[in-house]
Every structure is written in structure tokens, then in C-alpha cells.
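Geometric and topological summary
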Amino acid sequence: MRRKNLLSLLNPFDELVSRKVSTINPTLPPTRKEPEKSIFTVYEYSPEGVTIQHPETAEECFKYLSTNNISWINIDGLKKSDVEKMCNYFGVHPLIAEDIYSSGQRPKMDELNHLLYSLVNMLFYNETLKTVESEQFSLILGKNFVLSFQEDASRDLFDPLRERLKVAGSKLRISGADYLYYSLIDVIVDKYFIIMERLGEKVEGLEDAITHNPDTRT
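Residues numbered from 1 in each chain as written. Predicted model: local features only at pLDDT ≥ 70, side-chain atom pairs only at ≥ 80, totals over all residues. Heavy atoms only, no water.

1. Points about the sheet that holds strand 3 (residues 70–76)
- The strand order 2-1-3-7-6-5-4 describes an open sheet built from seven strands, whose pairing is mixed. Among the strands making up the open sheet, the edge pair consists of strand 2 (49–53) and strand 4 (108–112). Taking each pair of neighbouring strands and ignoring which way they run, the sheet shows an average axis angle of 20 degrees.
- The pairing of strand 3 with strand 7 (residues 145–150) spans six bridges and is classified as parallel. From the neighbouring strand, Asn 74 faces strand 7, where its bridge partner is Ser 148. (Pairing = 2+ DSSP bridges. Helix = DSSP H or I, 4+ residues; strand = E, 2+ residues; numbered from the N terminus. Axes fitted to C-alpha atoms, helices over the stretch in contact; angles between N-to-C directions.)

2. As for a nonpolar patch on the surface
- On the surface, Val 189, Phe 193 and Met 196 cluster together to form a nonpolar patch covering roughly 290 Å² of accessible area.
- Mapped onto the secondary structure, Val 189 falls in helix 7 (residues 177–212). (Patch = residues over 30% accessible without salt bridge, like charges linked within 9 Å, V, L, I, M, F, W, Y side chains within 5 Å. Areas by Shrake-Rupley, 256 points an atom, 1.4 Å probe, with all protein chains shown as cover. Salt bridge = Lys/Arg side-chain N within 4 Å of Asp/Glu carboxyl O.)

3. Some details on the packing of aromatic side chains
- Across all of its chains, the model carries seven aromatic pairs by this definition.
- Ring geometry for Tyr 89 against Phe 90: centres 5.9 Å apart, planes inclined by 70 degrees, an arrangement best described as edge-to-face.
- Grouping aromatic residues by their ring pairs yields a cluster made of Tyr 43, Trp 72, Phe 137 and Phe 158. (Phe/Tyr/Trp six-rings, centres within 6.5 Å; stacked < 30°, edge-to-face > 60°.)

4. A word on the environment of Arg 198
- Along the polypeptide, Arg 198 turns up in helix 7.
- Sequence separation between Arg 198 and Val 132 is 66 residues; the distance between their C-alpha atoms is 9.9 Å.
- Contact partners of Arg 198, with chain neighbours within four places excluded, come to Tyr 125, Glu 127 and Lys 130.
- One polar contact links Arg 198 to Glu 127, side chain to side chain, over a distance of 3.1 Å. (Contact = heavy atoms within 4.5 Å. Polar contact = N/O pair within 3.5 Å; in protein donor to acceptor, adjacent residues only side chain to side chain.)

5. A look at helix 4 (residues 94–101)
- Ile 96, Ala 97, Asp 99 and Ile 100 are the residues of helix 4 that are buried. Projected down its long axis, helix 4 carries its buried residues within an arc of 160 degrees, all on one side. More than 90 degrees from the buried face of helix 4, the exposed residues found are Pro 94 and Leu 95.
- Elements in contact with the buried residues of helix 4: helix 3 (80–89), strand 4, strand 5 (115–126), strand 6 (131–141) and strand 7. (Buried < 20%, exposed > 50% of the residue type's maximum accessible area, 1.4 Å probe, protein only. Arc of directions from axis to C-beta.)

6. As for the pattern of salt bridges
- Under the definition given, this model contains eleven salt bridges.
- Among the ionic pairs, Lys 85 bridges to Glu 59, the shortest N-O distance being 3.3 Å. Of this pair, Lys 85 sits in helix 3 while Glu 59 sits in the loop between strand 2 and strand 3, and the two are 26 residues apart along the sequence.
- For Lys 85, a relative accessible area of 34% gives the class partly exposed.
- Linking Arg 155 and Glu 133 is a salt bridge whose minimum nitrogen-to-oxygen distance equals 2.8 Å. In this pair, Arg 155 is assigned in the loop between strand 7 and helix 5 (159–165) and Glu 133 in strand 6, connecting sequence segments 22 residues apart.
- Here Glu 133 falls in the partly exposed class, since its relative accessible area comes to 25%.

7. Quick word on the environment of Ser 71
- Within the secondary structure, Ser 71 sits in strand 3.
- Residue class for Ser 71 comes out buried when judged on its relative accessible area of 0%.
- Note: C-alpha distance between Ser 71 and Val 50 (21 residues apart in sequence) is 9.6 Å.
- Discounting residues that sit within four places of it in the chain, Ser 71 has contacts with Tyr 43, Glu 44, Tyr 64, Asn 144, Phe 145 and Val 146.

8. What to know about the confidence of the model for the protein
- Taken as a whole, the protein shows an average pLDDT of 86; of its residues, 85% reach a score of 70 or greater.
- Per-residue pLDDT stays below 50 along residues 1–10; that stretch engages in ten contacts with residues further than four places along the chain or on separate chains.
- Below pLDDT 50 for its whole length, residues 12–28 participates in 22 contacts with residues either more than four positions away or in separate chains. (pLDDT = per-residue confidence, 0-100.)

This is how it looks when you write it as C-alpha cells:
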């Protein structure tokens, strides 16, 4: 009981979060529910134009490895067999494939087999629970392609980027795959600042409460 009270005092946002944290066993590995299928979306583009395709299988994406255009292949839903197929065909090291599929990974960057790999966390603010939630996002940069792996298609941040791809003459359209790779990470980092502002508002509210109506909890 005393531990619970201490946790509630340390939490400036919501006592519900303290109750949740106090019941978590940190030794249990994160689990992931296997999706029924992966959702593939391919943006193939050049300065001259852009096409959008929705392949049904991983095998239908293999042709984009040898195209002269830039290809952004996004995979929603981390079905292990599809992750392995994509990684095997595009020359991704098995250790990186394992990181893509594993839950609870720390942000990292590796370069193996002439491919650049980044694992970053997308952040979302849950207005109902007053908590910050994260989703693991993996990116692989090749010579003329970018592979991106997301777990939940409903929490995608990249619609503004997709709209920029449709604009003729935009920097994204006339640049290489490396600029697309950078732009995807840039969108995620921009979201961090929005989350920080939201948490800053909560902290300011707590400071006002301490100043004008202090009690044991504040």
C-alpha cells in the first residue's frame, strides 16, 4: 500500500498509470500478436512521375529491387514469414531481420551488407489515459529502395510525405532514396516535439496547482 501511495505522488499526470506500472513484471519479454496478413504498399517514383501499387504478397515486391526508379516499400503488420521473405530477397542480414520482428528494441542504427538500417520509435499521446505510447518502426535503405516496417497501419504518420511525393518537382521526387530515408525519420522526430509540448502543458498545469492549491498529492 505504501508503494502505491509513493507511486501516485511521483506521477503528475494520472494515478491510473501508477496502478498499471506497479503491476508490470519487467522480466517478461514483450509479446506481439501475429497478424493474419501483411499489407504492402509501394510508391515507385522518379522526377517524371509516381505510381502507387498494393501488392498482395511479398513476392510481388521483389521486382522493385532491380528497377531504375526509387521504390518505397512499406509493410504494415509484422508477419514473420513476410518479414523473412523481404529481408532474404533484398539482402538484409538475418540479425537485422530478427530486430525488425522483435518487440521492445531500443533505437539503433546498423550498416550491414551495404544497407543502412534504423530502428526508431514513433510516439503517440493517448488523450484518454494521459500517457505516451510508442510503436516500433524499422527502416532499411538500399541503393534505389527504402523498406519500412510498421506494426499498426492505423497509427501511420506519413501522409504528408506521401502527398509531397505526388508533387512534380518537389525535392523528395527529384532526390534519391537516401533523402526519402531521411524524410521518414524527420517526420517521426517532428512528432516528438508535439508530444513534448503536450507533456509541457501537463507540467505547467501541475505547477499552477502547486502554486494556487497545493495538497499532499501535488
